[in-house]
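Structure assessment
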Amino acid sequence: MRVVLADDSVLLREGIALVLGDAGHEVVAAVGDGPALVAAVLRERPDVALVDVRMPPTHTDEGLRAAVEVRRSWPGAAVLVLSQYVEVSYADELLGSGSGEAGTGYLLKDRVSDLEEFLTAVTTVAGGGTVLDPLVVRQLMGRRRDPLADLTPRELEVLGLMAQGRSNAAVAAALNVTLGGVEKHTQRIFAKLGLTDDETTHRRVQAVVRYLRAG
C-alpha cells in the first residue's frame, strides 16, 4: 500500500515509516502539519493516510480538521487517526464524511498493543473498513447524548445569550468581558460542536439550534 503519514514528532514519523516499510508498504509522504497533510494526500492519492490529531501551530485538533478538509476534496480518502487523545470536536464530522467506500479509523496510540494489531488496522481502513478504539466510541456516544457536554460553564453562558438573539457586542456587555474574549468563546463553541462555516450553513444559527434542542 501507499501511505501518507502526518505527525509532528519526527521520531514517531520515522518509527512508523520503518514499521510500514518492513511490512512491505510505501510511505510516499511524511509531514508534520495539517496543510502539508492536505497537500500530500491530494497530490499522492494514497491508499490510506495516517493522521495525528494535535499538530502545529496550536496543537489542538489540526490533524482532524485537515482530514475533514481532505474528505471534502476527495470523499474516497481512507483516513486512520492515530493519536494520544480523543478529540471529539471534528471526529463526528470525519466519521460521517466521505463516500460509502471510504475507510475510517481512530485509534489511541498507547492502546495499540502490538505491531500486528496496528498493521491490521491500517490494512482494514485502506480496504474501506472502520476501526474504532472502544474509548473513542464511548466518548462519541456520550457526545451524541448531550451535544453541549464539552462546553465550559462560561461557553454555555455565551451560547445562552446567543440564543436570545444577542450580538457578540451585547454578549460582551452582559458578561462584562471584552469583545475579543467573546469571539474566542464562540470559536471554541463552534469547534467543540463540530460546526464548520461554508456557503450553505451558518455556524451561529446551528449552535443556537443545538442549544435549544438540548433544552
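Keep in mind it's a predicted model, so treat the numbers as computed, not measured. (Residues numbered from 1 in each chain as written. Predicted model: local features only at pLDDT ≥ 70, side-chain atom pairs only at ≥ 80, totals over all residues. Heavy atoms only, no water.)

**Some remarks on unusual backbone geometry**
The omega torsion across P56 and P57 is 5°, close enough to zero to call that bond cis. Note on placement: P57 falls in the loop between β3 (48–51) and α3 (62–73). Backbone geometry at R45 places phi at a positive 45°, although glycine is not the residue there. One can find R45 in the loop between α2 (34–44) and β3. Judged by relative accessible area, R45 falls into the partly exposed class, the value being 43%. (Helix = DSSP H or I, 4+ residues; strand = E, 2+ residues; numbered from the N terminus. Buried < 20%, exposed > 50% of the residue type's maximum accessible area, 1.4 Å probe, protein only.)

**Thoughts on the packing of aromatic side chains**
Tallied over the entire structure, the rule returns zero aromatic pairs. Lying across the ring of W74, R45 places its NZ or CZ 4.7 Å from the centre. (Phe/Tyr/Trp six-rings, centres within 6.5 Å; stacked < 30°, edge-to-face > 60°. Lys NZ or Arg CZ within 6 Å of the ring centre and 35° of its normal.)

**A short note on the UniProt feature "modified residue: 4-aspartylphosphate" (unreviewed entry) in the chain**
Under the feature "modified residue: 4-aspartylphosphate" (unreviewed entry), the UniProt entry names D52. Take D52: it is sitting in the loop between β3 and α3. By relative accessible area, D52 is classed as buried at 6%. (UniProt positions renumbered as here; feature names shortened; annotations may be inferred.)

**Quick look at the pattern of salt bridges**
Under the counting rule described, the total for this entry stands at eight salt bridges. Here the residues in one salt-bridge network are R2, R43 and E44, joined through shared partners. (Salt bridge = Lys/Arg side-chain N within 4 Å of Asp/Glu carboxyl O.)

**Looking at the domain arrangement of the chain**
Entries for the chain in the domain assignment read domain 1 (2–143) and domain 2 (153–214). Relative placement of domain 1 and domain 2: their C-alpha centres are 30 Å apart. (Domains from an automatic or database assignment.)

**Examining helix α10 (residues 203–213)**
Since the α-helix packs 3.6 residues into each turn, any two residues three or four apart lie on the same face. Where α10 is concerned, the buried positions are R203, A207 and V208. Seen end-on, α10 carries its buried residues on one side only, within an arc spanning 135°. Structural note: α10 exposes L212 and R213 on the side pointing more than 90 degrees away from its buried face. Contacts from the buried residues of α10 go to α7 (153–163) and α9 (179–192). (Arc of directions from axis to C-beta. Contact = heavy atoms within 4.5 Å.)

**A look at the packing of helix α8 (residues 168–175) against α9**
The N-to-C vectors of α8 and α9 enclose an angle of 110°; their axes lie 8 Å apart at closest approach. Our classification of the angle between α8 and α9 gives roughly perpendicular. Of α9, the residues touching α8 (which contributes N168, A169, V171 and A172) are L179, V182, E183 and T186. Looking at the contact of α8 with α9, its residues break down into five nonpolar, two polar and one charged. (Axes fitted to C-alpha atoms, helices over the stretch in contact; angles between N-to-C directions. Parallel < 35°, antiparallel > 145°, perpendicular 65-115°, else oblique. Nonpolar A, V, L, I, M, F, W, Y, C, P; charged D, E, K, R; others polar.)

**Quick notes on the packing of helix α1 (residues 10–22) against helix α5 (residues 115–126)**
At a minimum axis separation of 11 Å, α1 and α5 run at an interaxial angle of 80°. Comparing the axis directions of α1 and α5 gives the class roughly perpendicular. Contact residues: α1 offers I16, V19 and L20, while α5 offers L115, F118 and L119. Per-class residue counts for the contact of α1 with α5 are six nonpolar, no polar and no charged.

**So, the pairing of β3**
Both faces of β3 are covered, namely the face carrying V48 and L50 and the face carrying A49 and V51. Bridge count between strand β1 (residues 2–6) and β3: four bridges; the pairing is parallel. Bridge pairing in β3 links V4 to A49. Two elements, β3 and strand β4 (residues 79–83), share three bridges in a ladder whose sense is parallel. For A49, the partnering residue across the bridge sits in β4 and is V79. (Pairing = 2+ DSSP bridges.)

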